[in-house]
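Spelled out from the first residue to the last, the chains are:
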Amino acid sequence: MEKGLLYPVTNQFRQDQKLDGLWDFKFDPQAQGEAKGWTTGFDDPIKMPVPASFNDFFTDKDSREYTGDFWYAKKFFVPTYMDGQTIQLRFGAATHRATVYVNGQEIRSHEGGFLPFTADITDAVKLGQENIVTLKMNNELHRDALPAGDTATLKNGKKMAKPFFDFYNYSGLNRSVHLLAVPKNHIYDYSTTYDVSEDQATVHYSVQATDGSNFKVSLSDGDGKVVATAEGQTGDLVVKNPTLWQVRDAYLYTIKFELLDAGKAVDEYSDEIGLRTIEIKGHEILVNHKSVYLRGFGRHEDSIYAGRAFDLNVERRDMNLMKWIGANSFRSSHYPYDEQVYKFADREGILITDEVPAVGFKMAAASFLGGLNQSFFDGDWIDELYKKHIDQVKDMIKRDKNHPSVLAWSLCNEPDTSTDSAVPYFTKLFNDSKDLDPEQRPRTFTLNEDDTFEKSKCLKFPDFYLLNRYPGWYHKWGYEISDGEAGLRAELDEWKNSDIDKPIVFSEYGADTEPGLHKLPSIMWSEEYQIELLDMFDRVFDSYDFIRGEQPWNLADFQTVEGNMRVNGNKKGIFTRDRQPKAAAFYLKKRWTSLPLDY
Ligand SMILES: CCC[C@@H]1NC[C@@H](O)[C@H](O)[C@H]1C(=O)O
């Protein structure tokens, strides 16, 4: 678990310099990089863009599909004015694991490919000189790691990823690398919780520094006017007649912490926050005490060329597409996204269900992809897996807790919840995670077709339900879709007739659709069929008042493993992979823009 995950800033006390650009890159299939001295660099490197996944740049299959160790290296200069400061390297995401060396000295390792980590390199760097950072990375999948899968060794000796999930195992330095200089005594974390009413909002804050507890705190409005101040490590900032952060009508304040030593500021950290509350009450999801109906998508960080890398251009386009279509939410399926995505959502008033990469925790999924048929949670890998799982839940919440856009935490995607061995695993997970979020936002996981109301043994854990249902695609498809609707209604009648008093959000449903394929009457894969399927689900959603959200799968087409059920990726996108609309986009826009923005 990381001590602090504050997003890097530059100010009078701190320096943030991105090291993005071309790095040296080399595959290490024999895992001999250390023995060959690659910790201080290596010959014949490939020049590799960072941030980016390495896979799709190559023209040969061995390189695109490469699984095993690989290395990055970059020379960087540390100016003498950083002398006396704590000097760090912050990696936004190294997928899936990394060991960091500076000038040949091993600094630290990190497991988990979708969350940041910081390496303190103060004692390893040479001031006023050029230094070199190298990373030994690895992208193998294992059952005791997130996301879950296997790594096969082919007869030719090459390794191959065998994911228990269907997004492509894009790997590399997928997010930015920052060279940071902060004061020896610096702020490393803060949190805020809120009480809001029409005429007053109170920000309860807590702030932590490496040494000292004397703080000055101020809150400024969107025009930079200070509207409240406070002192101390914890305290309240009271705002009269506040402008609240609302769904699709965002307003951001800036909170500023100054760390004092003998009355003098020695560090400072500012961040944008939104004054709002999140609650679940009965069947309702409430923002600022008002019920919200979620409409939006499951997404992926996925684009042509750079794979899983965060791309500001793609994010700008995706946010505009979501606003155009009338969406107000999305799930960060199936991993925490780059921090800049949450900043976009903070500014746009979009709600995020933030999901940790606990995906593939179901052998049925593996069997779907040629895996096994045993229950996932009684495997001998579970203890080691749980350590990584809770560690990444802790870091996801630590990193994202101060975003107004974060609505809820999804602790798993489509796990096996219908076998006895799942119960102790989720009992522990929900106990160990309940106090991680100062705001106590709802926690949940998605339930797929094997985990219906009737079969799941874990329905007591989620604060609200995320249902992934695929009648009309993975079963009861085509002309049989009417039976699919009947089966869906039968399950929802069970929920309706039960004593469960929590909201249901449909977090996945959809049909693979080849853009430009038209057929009258429809056939599967046609644009017409995708609309027919969405229309069927919408008829069902409109029949049950405890359904409080619809998030079809997926915002856009995305890359998957190759297979006989995929046509160059998953085509359930409402938009194509290059972010152009299929006919279903206009269908959804008509439905969603007919609802009030904050409905
Ligand atoms: C029946 C499970 C459906 C599955 N759910 C998880 C997503 O990551 C996949 O893309 C989606 C699909 O197969 O389209």
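Nothing here was measured: the structure is a model prediction, and the numbers come from that model.

Draft legend 1. Focus on the overall build of the chain. Broken down by element type, the chain carries 9 helices and 33 strands. Whereas a compact globule of 599 residues would reach a radius of gyration of roughly 25 Å, the chain reaches 24 Å, a difference of no more than 12%. Taking the principal axes of its C-alpha atoms as reference, the chain extends roughly 70 × 70 × 45 Å. A burial count over the chain gives 61% of its 599 residues as buried. Contacts spanning at least 24 positions in sequence make up 71% of the contacts within the chain whose residues lie at least 6 apart. A total accessible area of about 22700 Å² is found for the chain, and carbon and sulfur atoms account for 49% of it. If the 71 positive side-chain charges of the chain are averaged to one point and the 94 negative ones to another, these points end up 2 Å apart.

Draft legend 2. View of unusual backbone geometry. At the junction of T95 and H96, the peptide bond is cis and its omega measures out at 5° in the coordinates. Tracing the sequence through the fold places H96 in the loop between β6 (94-95) and β7 (97-102). Residue P521 is reached from L520 by a cis peptide bond, and omega for that bond is -10°. Locating P521 in the fold gives a position in the loop between β32 (504-508) and α8 (527-541).

Draft legend 3. Just empty space enclosed by the protein, in detail. Applying the stated criterion across every chain, the model contains 5 cavities of 30 Å³ or more. By volume, the largest cavity is sized at about 200 Å³. At the level of elements, β15 (187-196), β21 (264-273), α3 (339-348) and α5 (382-400) are the ones that each hand at least two residues to the lining of the largest cavity. If you tally residues by element for the lining of the largest cavity, the top one is α3, at 4 residues. When grouped by side-chain class, the residues that make up the lining of the largest cavity number 7 nonpolar, 2 polar and 10 charged. There are two domains that each give the lining of the largest cavity at least three residues, and those are domain 2 (187-278) and domain 3 (296-594).

Draft legend 4. Up close: the state of the cysteines. Counted under the stated rule, the structure contains 0 disulfides. No disulfide involves C458; its nearest neighbouring cysteine sulfur is the one of C412, lying 9.9 Å away. Overall, the relative accessible area of 0% leaves C458 in the buried class.

Draft legend 5. Quick peek at the layout of surface pockets. Counted as a void, the largest pocket has a volume near 830 Å³. In terms of lining, the largest pocket is formed by 32 residues, of which the most central are E65, T67, K159, M160 and A161. Elements represented by at least two residues in the lining of the largest pocket include exactly α1 (61-64) and β12 (159-163). In terms of residues, the lining of the largest pocket owes the most to one element, β12, which gives 5 residues. Looking at which domains feed residues into the lining of the largest pocket, each of domain 1 (15-182) and domain 3 (296-594) supplies at least three.

Draft legend 6. Inspection of the site of the ligand at higher detail. Neighbouring the ligand are D166, H334, N413, E414, Y470, Y474, E508, W553, F558, R566, N570 and K572. Contact distances for the ligand include 2.9 Å between an oxygen atom and a side-chain N or O atom of W553. K572 places a polar side-chain atom, nitrogen or oxygen, 2.6 Å from an oxygen atom of the ligand. Relative to its free-state accessible area of 360 Å², the ligand is covered by the protein chains to the extent of 89%. Residues of the shell around the ligand, tallied by class, amount to 4 nonpolar, 3 polar and 5 charged.

Draft legend 7. Structural detail: the pattern of salt bridges. Applying the stated criterion to the full structure yields 51 salt bridges. The partner of D150 in a salt bridge is R143, and the shortest N-O contact between them spans 2.7 Å. Judged by its relative accessible area of 24%, D150 falls in the partly exposed class. What makes R143 buried here is its relative accessible area of 17%. A salt bridge links E439 to R276; the nearest nitrogen and oxygen atoms lie 2.7 Å apart. On the criterion of sequence distance, the pair formed by E439 in the loop between α6 (422-433) and β29 (443-444) and R276 in the loop between β21 and β22 (278-281) is long-range, its members being 163 residues apart. We classify R276 as buried; its relative accessible area is 1%. If you follow the salt bridges from partner to partner, you end up with K61, R64, E65 and E562 in one network.

Draft legend 8. Structural view of the sheet that holds β29. Here we have 9 strands laid out as an open sheet, ordered β29-β28-β27-β26-β25-β33-β32-β31-β30, and parallel in their pairing. Every interior strand has two partners, whereas the edge strands, β29 and β30 (446-447), have only one. Looking at chain direction, strand β27 (residues 351-355) and strand β28 (residues 406-410) are connected through 4 bridges and run parallel. Bridge pairing links I352 to V406 in β28. Against the sheet, α3 touches β26 (329-331), β27 and β28, its axis set at about 155° to β27.

Draft legend 9. Quick peek at the side chain of K582. One can find K582 in the loop between β33 (547-550) and α9 (583-592). In this structure K582 comes out as buried when scored by relative accessible area, which is 1%. Reaching out from K582, the side chain makes a polar contact with the backbone oxygen of K571 at a distance of 2.8 Å. Residues contacting K582, with those up to four places away along its chain left out, are T513, P515, E527, Q530, D557, K571, K572, G573, I574, F575 and T576.

Draft legend 10. Local environment of the domain arrangement of the chain. Structurally, the chain comprises domain 1 (15-182), domain 2 (187-278) and domain 3 (296-594). Between the C-alpha centres of domain 1 and domain 2 there is a distance of 36 Å.

Draft legend 11. Inspection of the packing of aromatic side chains at higher detail. Summed over the entire model, instances satisfying the criterion amount to 52 aromatic pairs. Between W38 and W71, the ring centres sit 6.0 Å apart and the planes meet at 85°, which makes this aromatic pair edge-to-face. With a gap of 33 residues between them, W38 in the loop between β2 (21-27) and β3 (46-50) and W71 in strand β4 (residues 69-78) connect regions that are remote in the sequence. Each member of the pair, W38 together with W71, is buried. Ring centres of F70 and Y72 lie 6.2 Å apart, and the angle between their planes is 65°; this geometry places the pair in the edge-to-face category. Judged by relative accessible area, which is 0%, Y72 ranks as buried. Taken together, F361, F376, F377, W381, Y386, Y425, F426, F430, F445 and F461 form an aromatic cluster joined through their ring pairs. Looking at K3, its charged tip hangs above the ring of Y188, at a distance of 4.6 Å from the centre. Between the NZ or CZ atom of R299 and the centre of the ring of F330, over which it lies, the distance is 4.6 Å.

The rules we used
Residues numbered from 1 in each chain as written. Predicted model: local features only at pLDDT ≥ 70, side-chain atom pairs only at ≥ 80, totals over all residues. Heavy atoms only, no water. Helix = DSSP H or I, 4+ residues; strand = E, 2+ residues; numbered from the N terminus. Rg over C-alpha atoms; globule rule 2.2 N^0.38 Å. Buried < 20%, exposed > 50% of the residue type's maximum accessible area, 1.4 Å probe, protein only. Contact = heavy atoms within 4.5 Å. Areas by Shrake-Rupley, 256 points an atom, 1.4 Å probe, with all protein chains shown as cover. Lys, Arg positive; Asp, Glu negative; His and termini not counted. Charge placed at Lys NZ, Arg CZ, Asp CG, Glu CD. 1 Å grid on protein atoms, 1.4 Å probe; cavity = no way out; pocket = protein on both sides within 12 Å on 5 of 7 lines; lining within 4 Å. Points joined across faces, edges and corners; volume = space filled by probe spheres on them. Nonpolar A, V, L, I, M, F, W, Y, C, P; charged D, E, K, R; others polar. Domains from an automatic or database assignment. Disulfide = S-S within 2.5 Å. Near = heavy atom within 4 Å. Polar contact = N/O pair within 3.5 Å; in protein donor to acceptor, adjacent residues only side chain to side chain. Salt bridge = Lys/Arg side-chain N within 4 Å of Asp/Glu carboxyl O. Pairing = 2+ DSSP bridges. Axes fitted to C-alpha atoms, helices over the stretch in contact; angles between N-to-C directions. Phe/Tyr/Trp six-rings, centres within 6.5 Å; stacked < 30°, edge-to-face > 60°. Lys NZ or Arg CZ within 6 Å of the ring centre and 35° of its normal.

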